[in-house]
Amino acid sequence: MTEMDIRETVEEILQSPQLRHSLEATVRNLTLPLQQRQSQLPVVNRASVSSGSSLRNELHNLFPSIGQRNRTRNQGRGQVRENNSSKPTPFYKDVILVTSKRCLSTLKGHAKAKAYDTGFAFLNVEFHNGMKLEDLNNLIYSLFSDKLMNSEYEFVVPISGRLTKLSLQSGSQLNGETLKRVYHQKVVYIRPMEDLADNNSNCTPEMNNVDTPTPIDDNDGVCLTDQWHSSPTGFDVQSDNLVNSGEETNLLQEILTNINSKISLEKTNQFNVYRADVFHCCIRAIRRSSFDPFAKIDVKFSDIDGQSEGAVDMGGPTRELFRLLMNYLKNSNLFMGPDKKYISLDALALDKRYYYDAGRMVALSIVHAGLGPHFFSNSLFVAVTKGVEFVKPLKEFVECDILEKINKLSHINDETEMREYLLNESVFSIAGINIVNQLIARKDEIIDATVKFYHIYRTKPALDQLIDGLKTCNVLEFLQNHPILFEDIVCDNKSKLNNTIIEELPTVMLSEVGSNKRQTQNRILAFWRDYLLDCEEENSNCSLEELLVFVTGADTVPALGFGTKIYIRFQHDDKMMYPKANTCGLELYLPTCHTNFDDFKYHMDFGIGNSKDFGIA
């Protein structure tokens, strides 16, 4: 080894994170009582280094961040040096392991310093451009062997304070060259696929950052940008100004607002809706050749006499339309399941492309009203965002008559009886079950395959239509890029309302202090607040959700918000005994003629309970 090699090797050792942690452990050991010191000293496993291994290999065992490449140089005069262009070129990166699978933000300040102190981060880890994916994985596991414990992880890229997924072209694998280009002047972040069982958490799952795949273009080697990419339609799928580092932001609302801003107010799509048949009314509207998903939706409801309710759609009718529409879809034959739904298979609906229309309706509801379906099961959400190959087959999404026959099979323990049962029941032959030998031993396998066929494979054509419809307004791309964010409005139950939420939504329009009207308004305002408490505690015939529908047309606060302020005004007319709502203008008019709370509550219940539809307040 030459003098130059020795100096370079020593320099690499001094920069090694393993040396840093060994020294820290040694110093920390000196602060302990003498009898405890020996057990706390770091131990080097020299048995792992074979007697014939090279110095470089032995150094790699001691300091994993140092590569194993052969550093022998030809130094003799007149000797021709080996062509270095074919040799791996080293480069050095800091590597940080976050502790939560839901961590979406880069580490900063104290959290970052703590990561280095506790072994969740290393300085100047050596990579080289010749490394394959296996080499990269071996290096990462060697750095965090005590943290990952062979758990799966993913590489994520820090961009503007957020951690974005690394997305490769189909069939491509991450390698040293690609990693060098992607992480140019960036820290390499590692995120576990499951939360690490470690008390030294360096990341809070609720950090509000966007989780967007970083595109890798094989034609160019790497295509990485701090701005979010655009779709082929020219619509900006993502905007680089949505996240301000260090600020807590409602990303879902920001993303939806970004999409919603593309809606043109100069052109409208007219929906003529009869509540008893809301689904087919919407189908006629979205199948018109003039329909534009990025044009404003103008909803006109008809009353029981078939006459237009005459409402000008400033948002209220649209919210009510999609609330009714999502409820219809949830309970329709297009979906199945007890509460959370998976796609069903209806041959007539498939032939009429109703599943495609349903997907479009869900997308339009999210974009135009900020209202998600809230009824997708985790299985359906995974199928939409990742693919059916990631869906776990479940019996709850198999039709009752088929499931009954599957369950009957599970109780058969005789080989001959089982063979006869499988031959006689077409349920199994349709599923492609052709097993004739060792039936009892393979019973569980037969049951699992049958459930998988009816839950996943048989419904695939309907699922494909739904997914195709979700491409409307680029919603599918957002679902796939931000599953954690959109899961709240697609799968999770609607947020439960409470009196505080309802009370804080509106602005109360009060008269001048000291006036006679103001004294009356103060009394009614006290009644109103007590009424909200009764609604929340179910001491009223009206729920908070029904109250919100009465005022806004929505039974939950949309992810987009309401777009304008909600106002509470007062009706100073002794003949006006019931509440009145202007759903378009988001105004609630409270009656002021009541002098006691019981009368106020009775008329509020009666008025809201008999006016659950827009335009009939």
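Our subject is the structure that appears above.
Predicted model, so just to flag it, every value in this text is computed and none were measured. (Residues numbered from 1 in each chain as written. Predicted model: local features only at pLDDT ≥ 70, side-chain atom pairs only at ≥ 80, totals over all residues. Heavy atoms only, no water.)

To continue, consider the overall build of the protein chain. Assigned secondary structure in the protein chain consists of 25 helices and 14 strands. Going through the 617 residues of the protein chain one by one, you find that 46% of them count as buried. Taking contacts inside the protein chain between residues at least 6 apart in sequence as the whole, the part at least 24 apart equals 71%. For the protein chain, the computed accessible surface area is about 31,500 Å², with 48% contributed by carbon and sulfur atoms. (Helix = DSSP H or I, 4+ residues; strand = E, 2+ residues; numbered from the N terminus. Buried < 20%, exposed > 50% of the residue type's maximum accessible area, 1.4 Å probe, protein only. Contact = heavy atoms within 4.5 Å. Areas by Shrake-Rupley, 256 points an atom, 1.4 Å probe, with all protein chains shown as cover.)

Turning next to unusual backbone geometry. Backbone geometry places Cys473, a non-glycine residue, at a positive phi of 60 degrees. Along the chain, Cys473 turns up in the loop between α19 (460–469) and α20 (475–481). Using a relative accessible area of 4% as the deciding quantity, one classes Cys473 as buried. Here Asn474, not a glycine, exhibits a phi torsion of approximately 65 degrees, which is positive. You can see Asn474 is positioned in the loop between α19 and α20. Accessibility expressed as a relative area gives 12% for Asn474, which makes it buried.

The next thing to look at is the sheet that holds strand β13 (residues 580–582). Sheet architecture is open: 4 strands sit in the order β11-β12-β14-β13, paired in mixed fashion. On the outer flanks of this sheet lie β11 (506–508) and β13, each paired with one strand and no other. Averaged over all pairs of adjacent strands, the angle between strand axes in this sheet comes to 25 degrees, irrespective of strand direction. Pairing between strand β12 (residues 566–571) and strand β14 (residues 587–591): 5 bridges, direction parallel. If you follow Gln571 over to β14, its bridge partner there is Pro591. (Pairing = 2+ DSSP bridges. Axes fitted to C-alpha atoms, helices over the stretch in contact; angles between N-to-C directions.)

Our next topic: the nonpolar core. Core analysis: the biggest nonpolar cluster contains 96 residues, and Phe271, Leu329, Phe486 and Trp528 have the highest contact counts within it. Of all the elements, helix α13 (residues 354–369) adds the most residues to this core, at 10 residues. Each of two domains, domain 2 (249–391 + 460–491) and domain 4 (499–610), supplies a minimum of three residues to this core. Filtering out sequence-adjacent residues up to four positions away, Leu329 remains in contact with Phe279, Leu334, Phe335, Ala358, Met361, Val362 and Phe375. Core analysis: the second largest hydrophobic core is formed by 37 residues, Val125, Val156, Val157 and Val187 among them. (Core = buried A, V, L, I, M, F, W, Y, C linked by side-chain atoms within 4.5 Å. Domains from an automatic or database assignment.)

Two numbers describe how helix α10 (residues 278–286) lies on helix α11 (residues 316–330): the axes approach to 9 Å, and their chain directions differ by 115 degrees. Looking at the two axes, α10 sits roughly perpendicular to α11. Note that α10 runs across α11; the crossing there is left-handed. Residue-level contacts link Val278, Phe279 and Cys282 of α10 to Leu321, Leu324, Leu325, Tyr328 and Leu329 of α11. Of the residues belonging to the contact of α10 with α11, the class tally is 8 nonpolar, no polar and no charged. (Parallel < 35°, antiparallel > 145°, perpendicular 65-115°, else oblique. Left-handed = near helix turned anticlockwise from the far one by under 90°. Nonpolar A, V, L, I, M, F, W, Y, C, P; charged D, E, K, R; others polar.)

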